[in-house]
Amino acid sequence: MKLLFGNKKEDLLSRLKKQEPAAQKIFYEQHVKKFLSTAKSYVSDLYQAEDCVIKAFCKIFKHIETFRGDGNLEGWARRIVVNECLNFIKSHKTVFYIDDVNPAALIETHDEQPVFDFNAQDLLDQLPDAYRMVFNLYVLEGFSHQEISETLKISVSVSKTQLFRAKEKLRVLYLQQEKTMKNEHTQR
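A brief structural summary. This is a predicted model, so every value here is computed, not measured.

Cut-off values and rules
Residues numbered from 1 in each chain as written. Predicted model: local features only at pLDDT ≥ 70, side-chain atom pairs only at ≥ 80, totals over all residues. Heavy atoms only, no water. Helix = DSSP H or I, 4+ residues; strand = E, 2+ residues; numbered from the N terminus. Expected span 1.5 Å × (residues − 1). Buried < 20%, exposed > 50% of the residue type's maximum accessible area, 1.4 Å probe, protein only. Axes fitted to C-alpha atoms, helices over the stretch in contact; angles between N-to-C directions. Parallel < 35°, antiparallel > 145°, perpendicular 65-115°, else oblique. Left-handed = near helix turned anticlockwise from the far one by under 90°. Contact = heavy atoms within 4.5 Å. Phe/Tyr/Trp six-rings, centres within 6.5 Å; stacked < 30°, edge-to-face > 60°. Polar contact = N/O pair within 3.5 Å; in protein donor to acceptor, adjacent residues only side chain to side chain. Patch = residues over 30% accessible without salt bridge, like charges linked within 9 Å, V, L, I, M, F, W, Y side chains within 5 Å. Areas by Shrake-Rupley, 256 points an atom, 1.4 Å probe, with all protein chains shown as cover. Salt bridge = Lys/Arg side-chain N within 4 Å of Asp/Glu carboxyl O. Nonpolar A, V, L, I, M, F, W, Y, C, P; charged D, E, K, R; others polar.

Quick look at helix H6 (residues 129–140)
Inference 1: Its 12 residues give H6 an end-to-end C-alpha distance of 15 Å, which sits within 8% of 16 Å, the value for a rise of 1.5 Å per residue.
Inference 2: Burial analysis of H6 places nine of its 12 residues in the buried class, the great majority of the element.
Inference 3: Residues of H6 that are buried include every one of Asp 129, Ala 130, Tyr 131, Arg 132, Met 133, Val 134, Phe 135, Asn 136 and Leu 137, and no others.

Right under this line is the structure:
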């Protein structure tokens, strides 16, 4: 990331590491919408998601020196946002993980479904917190079940169960939303 300060091109990361407010403002403006979207996928309440993002930006700017440059700065910062959301959920809500699904039921089926216009965030917001956390970590963040197990302090089988149930719940919600939209369309 390059910024133009005066006549010199300077690296945004080096400016951030110097704790320069102008660089922090640019970084914030470039990423706040993406990070809020990420937070909303974990924390369904908009105001709580915004709080998580604000706390995450504070941590990002405070700990920018720890970024070694091995990967992408945005990815490193996004991980902080996700961790802040997980910390929020753990500290503000009681999340129950249920591990009583029949392993044979974990076989996925892929039925052809007609495509219609829908809001995925609305569907995710309707998932119970435990389902949403595991689903987001697995699908959006690319965590393995072992990593989810370690992050959330649950067993691998519970992680797999929660993901299966999240997918099933999303499928049901999707079909309900589709049926509602078809009914609205036929009433027009």
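Some points on the packing of helix H3 (residues 46–62) against helix H4 (residues 73–92)
Inference 1: Taken N-terminus to C-terminus, the directions of H3 and H4 make an angle of 130°; their axes are 9 Å apart at the nearest point. One element, H3, and the other, H4, form an angle in the oblique class. Between H3 and H4 lies a crossing whose hand is right-handed. Residues Gln 48, Cys 52, Lys 55, Ala 56, Lys 59 and Ile 60 of H3 lie in contact with H4, whose contacting residues are Trp 76, Ala 77, Ile 80, Val 81, Glu 84, Cys 85, Asn 87 and Phe 88.

Description of the packing of aromatic side chains
Inference 1: As enumerated under the stated definition, the model contains six aromatic pairs in all.
Inference 2: Their ring planes at 45° and their centres at 5.6 Å tell us that Phe 35 and Phe 57 sit as a pair that is tilted. One end of the pair, Phe 35, is in helix H2 (residues 21–42); the other, Phe 57, is in helix H3, and 22 residues separate them in sequence. No difference in accessibility class separates Phe 35 from Phe 57, as the two residues are buried.

Description of the side chain of Glu 141
Inference 1: Along the polypeptide, Glu 141 turns up in the loop between H6 and helix H7 (145–152).
Inference 2: A distance of 3.4 Å separates polar atoms of two side chains, one belonging to Glu 141 and the other to Tyr 42.
Inference 3: Discounting residues that sit within four places of it in the chain, Glu 141 has contacts with Thr 38, Tyr 42, Arg 78, Val 82 and Asn 136.

Some remarks on a nonpolar patch on the surface
Inference 1: A surface patch of nonpolar side chains, amounting to about 240 Å² of accessible area, comprises Tyr 138, Val 139 and Leu 140.
Inference 2: Mapped onto the secondary structure, Leu 140 falls in helix H6.

Regarding the packing of H4 against H6
Inference 1: Put simply, H4 and H6 touch, their axes get as near as 12 Å, and they point 165° apart. Here H6 runs roughly antiparallel to H4, going by the angle between their axes. Like other packed secondary-structure pairs, H4 and H6 cross with a definite hand, here left-handed. Contact residues: H4 offers Arg 78, Val 82, Leu 86 and Ile 89, while H6 offers Met 133, Leu 137 and Leu 140.
Inference 2: Counted by class, the contact of H4 with H6 contains six nonpolar, no polar and one charged residues.

Side note on the pattern of salt bridges
Inference 1: Taken as a whole, this structure holds eight salt bridges when the rule is applied.
Inference 2: Between Glu 29 and Lys 25 there is a salt bridge whose closest N-O contact spans 3.8 Å. Taken as a pair, Glu 29 and Lys 25 lie in helix H2 at a separation of four residues, close to a single helical turn. This pair shows no difference in class: Glu 29 is exposed, exactly as Lys 25 is.

Details of the environment of Asp 122
Inference 1: Residue position: Asp 122 is located in helix H5 (residues 120–125).
Inference 2: The spacing of Asp 122 and Ser 44 is 78 residues in sequence and 8.9 Å in space, taken between C-alpha atoms.

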